[in-house]
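Summary of structural features
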Amino acid sequence: MKKAVFPGSFDPFTLGHLDIITRGVTLFDELIIAIGVNSDKKYMFSLAQRKKFIEDSFIGNPKIKVVTYEGLTVDFCKKNAVEFILRGLRNPADFEFEKSIAHTNRDLAPIETVFLLTAASTSYISSSIVREVIKHHGDFTRLVPESVRIT
Ligand code: ADP
């Protein structure tokens, strides 16, 4: 059984993440979306909100699981018998950053990182831009899935 993890902060979940997950899940038997918990980081959305936004987008999809984790992604992989890490690439800056993480991960454990290029239509979207639009009361709804709603 081919299991992959798609790790991230998802603060909040965006159409870019949705695109990578929707295309990535076709490559694996199971895709675990793992929300990293970093106690040093300040988030706009609580862990429960971030988890719910993602879960609500994939209701009824048995291949997708949403979990939270602390610590190194490779340790999460070892504990859960996951062999692949899925990541999205938007631009050369993402590539350089992801390359060093993937090399480090492969030094630490025999885990392959699989990269998907973003869809052209969502390649400009980032969680930080979405947070900026929200902060200034702009229309963020065109950047995120329908499940991401602020009440
Ligand atoms: P992190 O805190 O690890 O940067 P993010 O939640 O921002 O986590 O991103 C998780 C993953 O989703 C990363 O692989 C990132 O490259 C990818 N990603 C983020 N935004 C997009 C986008 N617009 N299109 C495709 N992939 C994206």
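Here goes a summary of the coordinates provided. (Residues numbered from 1 in each chain as written. Predicted model: local features only at pLDDT ≥ 70, side-chain atom pairs only at ≥ 80, totals over all residues. Heavy atoms only, no water.)

A word on the packing of aromatic side chains
Aromatic rings considered in pairs are described by the distance between their centres and by the relative angle of their planes. Here is the rule: A pair of aromatic rings is counted whenever rings of Phe, Tyr or Trp (Trp by its six-membered ring) have centres within 6.5 Å, and the orientation is called stacked for planes under 30 degrees apart, edge-to-face for over 60 and tilted otherwise. Residue exposure (1.4 Å probe, protein chains only): buried if accessible area is under 20% of the type maximum, exposed if over 50%, otherwise partly exposed. Placement of a charge over a ring requires the Lys NZ or Arg CZ to be within 6 Å of the ring centre, with the centre-to-atom vector within 35 degrees of the ring normal.
All chains considered together, the criterion is met by six aromatic pairs. Between phenylalanine 6 and phenylalanine 10 the ring centres are 5.5 Å apart and the planes differ by 55°, which places this aromatic pair in the tilted class. The pair phenylalanine 6 / phenylalanine 10 is uniform in exposure class, with both members buried. For the pair phenylalanine 45 and phenylalanine 53, a centre-to-centre distance of 5.4 Å together with 75° between the ring planes defines the contact as edge-to-face. Grouping residues by exposure puts phenylalanine 45 and phenylalanine 53 together as buried. An aromatic cluster is defined as three or more aromatic residues linked by ring pairs; in this entry it consists of Phe6, Phe10, Phe13 and Phe58. The lysine or arginine in question, arginine 50, covers the ring of tyrosine 43, its NZ or CZ lying 3.8 Å from the ring centre.

Side note on the site of the ligand
Stated formally: Note on definitions. A residue lies near a molecule or strand when any single heavy atom of the residue is within 4 Å of it. Nitrogen and oxygen atoms within 3.5 Å of one another constitute a polar contact, given that in protein one can donate a hydrogen and the other can accept it, and given that sequence-neighbouring residues count only through two side-chain atoms. Only DSSP runs of H or I covering at least 4 residues are called helices, and only runs of E covering at least 2 are called strands; the numbering of each starts at the N terminus. For this scheme, ten residues count as nonpolar: Ala, Val, Leu, Ile, Met, Phe, Trp, Tyr, Cys and Pro. Four count as charged, namely Asp, Glu, Lys and Arg, and the remainder, Gly too, count as polar.
Close to the ligand lie 17 residues, the nearest being Ser9, Gly88, Thr118, Thr122 and Ile125. In this structure, arginine 87 approaches the ligand through a side-chain N or O atom, which is 3.1 Å from an oxygen atom. Mapped onto the shell around the ligand, the elements with two or more residues apiece are β1 (3–8), α1 (15–24), β4 (84–89) and α4 (92–108). Looking at side-chain class alone, the shell around the ligand contains five nonpolar, seven polar and five charged residues.

Section: unusual backbone geometry
Residue proline 12 follows aspartate 11 across a cis peptide bond; omega there is 0°. A positive phi is found at alanine 81, a non-glycine position, where the angle reads about 50°. By the secondary structure assignment, alanine 81 is in the loop between α3 (73–79) and β4. In this model, histidine 137 sits at a positive phi of 60°, which is unusual for a non-glycine residue. If you trace the backbone, histidine 137 turns up in the segment after α5 (127–135).

Description of the environment of lysine 65
The test is simple: Here a residue-residue contact requires only that any non-hydrogen atoms of the pair lie within 4.5 Å.
Its location among the elements puts lysine 65 in strand β3 (residues 64–70). Residue classification places lysine 65 among the partly exposed residues on the basis of a relative accessible area of 43%. For the pair lysine 65 and isoleucine 21, spaced 44 residues apart in the sequence, the C-alpha separation amounts to 11 Å. Excluding residues within four positions of it along the chain, lysine 65 makes contact with Glu30, Leu31, Ile32 and Ile33. Here the side chain of lysine 65 touches glutamate 30 through a polar contact of 3.4 Å, side chain to side chain.

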